[in-house]
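Results of the structural survey
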Amino acid sequence: MVDGKLQDLLDTDFLVIKLDGLIVIKPKKAPKSNADKAENSGSDVPPEEKYRQDPLDPKNIADSIEKLEALKETNNIKNNSIDVLEQALSILRHTESIISSIRRASVGMVSEDIEAQTMISSVEDTPKAVKEWLAATFTKQIFGRRQTMEPPKFRSIVQAVRASMYVDKITKKPSQTLLADRSPALLMLQSELNNWDIDIFKYDSLTNGQPFRGLFVETLRRYDLIKRFKINLYNLENFCALVEGGYNLHGNPYHNAIHGADILVTTHNLLTTTGFASWLTDLEILALLFSAMIHDVEHTGTTNNFHIQTGSTLSMLYNDRSVLENHHISTAYRYMEQADSNPFTQLSKDDFREMRGIVVEAVLGTDMSAHFTQIKNMQNALLNSTTVNRNAAMTLILHCADISHPTKSWPLHKKWTDNLMEEFFMQGDKETELGLPNSPLCSREETLVPESQVGFIDFIITPSMNLLGDMFDALLLLQHEESTNKKSGEFKKVFRPWDERLKVNRKRWKELSKPSEEPKQNGTAEEEQVEIKPEPEKKGETSDVVLSKVAEEEDRDISSANGDHPHSSTALATNLESETLLQSINDNTNQTPSLATDTDLTNRSTNANDPSISEKECNVQDDAKKEI
């Protein structure tokens, strides 16, 4: 039973009920008699009465919170109702922020890449091949505007209340019911799922190449989504088996089930590490995690441009528009049509439709040709964070997760890079067989991997991850300011686990891009193995501590070299045999800062004035953008 005093406080606006052990606060309908009297008499209704007639108004909810907090301080409530009071306060506080976010205006994404294409073509110090690759991969050349879905809306306060309960769920320990399964794979998930640097390759081997059946279930359990949406576990296992088969259909070195599992884990960690899960509803979390799992299913191992240039069946089917992304979405939902393979049979039609809308937009957002447009639109939206579209925020999360392997520890990042470059080279081999010119970074003989990675980190990854962190900060700050809990304290910016790793990985690639000297190459290989050893963190050090130490050691090495470091302009000039090439490099170095201004991609780590960075690298760093 609910304590009488607690119910009395809410009687004017809300009804407190217990349903299957869940406390639900439901708004009461305003008495028609009051409205009729006001309307018939022609008298104005006082502002206070207007709020009372709308129990979903934030001010009304704030009043209820203040009353409950006052009741809590009096200690004049039965012991068996303390938990009910705490739940009611938690529900109302978060419900207020949810209702406020629903009432915000939203802005759609505009797919106009003219400015990005103009910027790319006007940069003089970038090789022609890099320009062509940038324009082909990260801009939309022939596509028009894409309409955005309507932002999700709540149909009742009950749904909003239930969605708000996830805050407590994600902080709970793994479900005790899973302890019966003592498989090494599940034990690894239970201990390392929240680890930014989880070794997904090891996990895949423990599952014999079937990563999703345990991973997706455990991830959903962390948010209590299986119980919340009554997900059919038998159908879920069958669906995951189909997804695993789809990922491994073409035997891709990179776009396979391991990649899908990695993006699922990364998406989960982006939500929990930063605390951004508190901004989303249960249905949005379910849709985003589902999108991460299926975002590359049945990937062919070739790019959209390859399909368009060869006139493949898929390019004909999807009219050259986001060919692979459309195929991934269509494939996943076709899997659901197979017998006993739809895990979401208990979702209402409205929930299923809303979830599908989020999935479609998020997966289409992984089309790299929309990268610059997506980045610019979010930068503009953050000028007034109240206008950020919820679907656009979720789309950016998945997009950043999809390109996030440079933000992981060096051994993981290096392995992902090797796999991706092999996939690119395989496409180049196919292009050669068909008599087509090799796409940028697809030539086994001409591609410079270390240089391309430096550019990929500088021009794509760092600006994207910085923007993602800024979005988290802005939206969580807005949520914090809208909260009526005055005891919550000062707002703290989100933790960004990717920052240190990006710095370390960039320095490693710079080291590998030294002028080729046989002794130094051997030394680099040995050093690479030495730095991999601390990764298991057997001595109790965290990943961040290990990475910081690596960065400090490399900083000391660079500092000791001063102007004679192999990456400095002096050392590079010594190894160049042509004065003309040296002059060209110096000219290019002077142009690098203007490139940063034109692209409007802030917070890059190019450090053009750093003497430890070679001018040659400034010319080739864009090569790596093909990395995605």
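About the cut-offs
- Residues numbered from 1 in each chain as written.
- Predicted model: local features only at pLDDT ≥ 70, side-chain atom pairs only at ≥ 80, totals over all residues.
- Heavy atoms only, no water.
- Helix = DSSP H or I, 4+ residues; strand = E, 2+ residues; numbered from the N terminus.
- Contact = heavy atoms within 4.5 Å.
- Areas by Shrake-Rupley, 256 points an atom, 1.4 Å probe, with all protein chains shown as cover.
- Salt bridge = Lys/Arg side-chain N within 4 Å of Asp/Glu carboxyl O.
- Buried < 20%, exposed > 50% of the residue type's maximum accessible area, 1.4 Å probe, protein only.
- Axes fitted to C-alpha atoms, helices over the stretch in contact; angles between N-to-C directions.
- Parallel < 35°, antiparallel > 145°, perpendicular 65-115°, else oblique.
- Left-handed = near helix turned anticlockwise from the far one by under 90°.
- Nonpolar A, V, L, I, M, F, W, Y, C, P; charged D, E, K, R; others polar.
- Core = buried A, V, L, I, M, F, W, Y, C linked by side-chain atoms within 4.5 Å.
- Phe/Tyr/Trp six-rings, centres within 6.5 Å; stacked < 30°, edge-to-face > 60°.
- Lys NZ or Arg CZ within 6 Å of the ring centre and 35° of its normal.
- Polar contact = N/O pair within 3.5 Å; in protein donor to acceptor, adjacent residues only side chain to side chain.
- pLDDT = per-residue confidence, 0-100.

**Considering the overall build of the protein chain**
- The helix and strand tally for the protein chain stands at 30 helices and two strands.
- Here the analysis covers contacts within the protein chain between residues at least 6 apart in sequence; of these, 77% occur between residues at least 24 apart.
- Of the roughly 28700 Å² of accessible surface on the protein chain, a fraction of 50% belongs to carbon and sulfur atoms.

**Some thoughts on the pattern of salt bridges**
- Evaluation of the coordinates by the stated rule reveals 14 salt bridges.
- Arg390 is paired through a salt bridge with Glu284; the nearest N and O atoms lie 2.8 Å apart. Of this pair, Arg390 sits in helix α22 (residues 390-402) while Glu284 sits in helix α16 (residues 282-294); the two residues are 106 residues apart in sequence, bridging distant segments of the chain.
- Arg390 sits in the buried class, given a relative accessible area of 10%.
- Its relative accessible area of 1% is what places Glu284 among the buried residues.
- With its nearest N and O atoms 3.3 Å apart, the salt bridge here joins Arg444 to Glu422. Of this pair, Arg444 sits in the loop between α23 (410-433) and α24 (449-482) while Glu422 sits in helix α23, and the two are 22 residues apart along the sequence.
- The partly exposed category is assigned to Glu422, whose relative accessible area is 30%.
- In the salt-bridge network here, residues are joined through shared partners; they are Glu422, Asp429 and Arg444.

**Focus: the packing of helix α19 (residues 323-336) against helix α20 (residues 349-364)**
- Where α19 meets α20, the axes come as close as 8 Å, and the angle between the chain directions of the two elements is 150°. Here α20 runs roughly antiparallel to α19, going by the angle between their axes. Here the hand of the crossing between α19 and α20 comes out right-handed. Contacts between α19 and α20 involve Glu325, Asn326, His328, Ile329, Tyr333 and Met336 from the former and Phe352, Met355, Arg356, Val359, Val360, Val363 and Leu364 from the latter.
- Of the residues that constitute the contact of α19 with α20, the class distribution is nine nonpolar, two polar and two charged.

**Thoughts on the side chain of Glu431**
- Inspection of the secondary structure puts Glu431 in helix α23.
- Those residues in contact with Glu431 that sit more than four places away from it in its chain are Phe306, Leu436, Pro437, Asn438, Ser439 and Cys442.

**A look at unusual backbone geometry**
- Positive phi, normally seen in glycine, also occurs at Asp224, with a value near 60°.
- With respect to the secondary-structure elements, Asp224 resides in the loop between α12 (212-222) and α13 (225-228).
- The backbone of Glu298 shows a phi angle near 60°, a positive value even though the residue is not glycine.
- By the secondary structure assignment, Glu298 is in the loop between α16 and α17 (304-310).

**Comments concerning the environment of Leu475**
- In this structure, Leu475 sits in helix α24.
- Between the C-alpha atoms of Leu475 and Ala393, which are 82 residues apart in sequence, the distance is 9.5 Å.
- For Leu475, the contacting residues outside a window of four places in its chain are Phe276, Trp279, Ser385, Val388 and Ala393.

**What to know about α12**
- Buried residues dominate α12, accounting for eight of its 11 residues.
- Within α12, the full set of buried residues consists of Phe212, Leu215, Phe216, Val217, Glu218, Thr219, Leu220 and Arg222.
- The first or second residue beyond α12 is Asp224, which carries a positive phi of 60°.

**Looking at the packing of helix α14 (residues 233-247) against α16**
- Where α14 meets α16, the closest approach of the two axes is 10 Å, and the angle between their N-to-C directions is 40°. Packed against α14, whose contacting residues are Phe239, Cys240, Val243 and Tyr247, the element α16 presents Phe290, Ala292, Met293 and Ile294 at the interface.

**Description of the nonpolar core**
- Among the nonpolar cores identified, the biggest contains 104 residues, and Phe276, Phe290, Met293 and Met471 are the most heavily contacted of them.
- Per-element accounting of this core gives the leading share, 15 residues, to α24.
- Ignoring anything within four residues of it in the chain, the contact list for Phe290 reads Phe216, Phe239, Tyr333, Met336, Phe344, Met355 and Val359.
- If you look at the next biggest cluster of nonpolar residues, it comprises seven residues, including Ile65, Leu85, Ala88 and Leu89.

**Some points on the packing of aromatic side chains**
- In this structure the tally under the stated criterion is 12 aromatic pairs.
- Measuring from ring centre to ring centre gives 4.7 Å for Phe276 and Phe472, while their planes differ by 45°; the resulting arrangement is tilted. Separated by 196 residues along the polypeptide, Phe276 in the loop between α15 (257-274) and α16 and Phe472 in helix α24 bring together distant segments of the chain.
- Residues Trp410 and Trp509 carry aromatic rings whose centres are separated by 5.1 Å and whose planes lie at 65° to one another, so their mutual orientation is edge-to-face. One end of the pair, Trp410, is in helix α23; the other, Trp509, is in helix α25 (residues 498-512), and 99 residues separate them in sequence.
- Taking the relative accessible area as the measure of exposure, Trp509 reaches 2% and is therefore buried.
- Over the aromatic face of Trp279 sits the side chain of Arg390, whose NZ or CZ is 4.1 Å from the ring centroid.

**Things to note about the environment of Arg496**
- Secondary-structure assignment places Arg496 in the loop between α24 and α25.
- When the C-alpha atoms of Arg496 and Leu270 are compared, they prove to be 9.1 Å apart, with 226 residues separating the residues in sequence.
- Discounting residues that sit within four places of it in the chain, Arg496 has contacts with Asn466, Gly469, Asp470 and Asp473.
- At 3.0 Å, the side chain of Arg496 forms a polar contact with the side chain of Asp470.

**Points about the confidence of the model for the protein chain**
- Looking at the protein chain as a whole, the pLDDT averages 73, with 56% of positions reaching at least 70.
- In this model, residues 141-180 is a region of pLDDT below 50 whose contacts with residues beyond four sequence positions or in other chains number 94 contacts.
- Low confidence marks residues 554-628, where pLDDT is under 50. Its contacts with residues over four positions away, or in another chain, come to 162 contacts.

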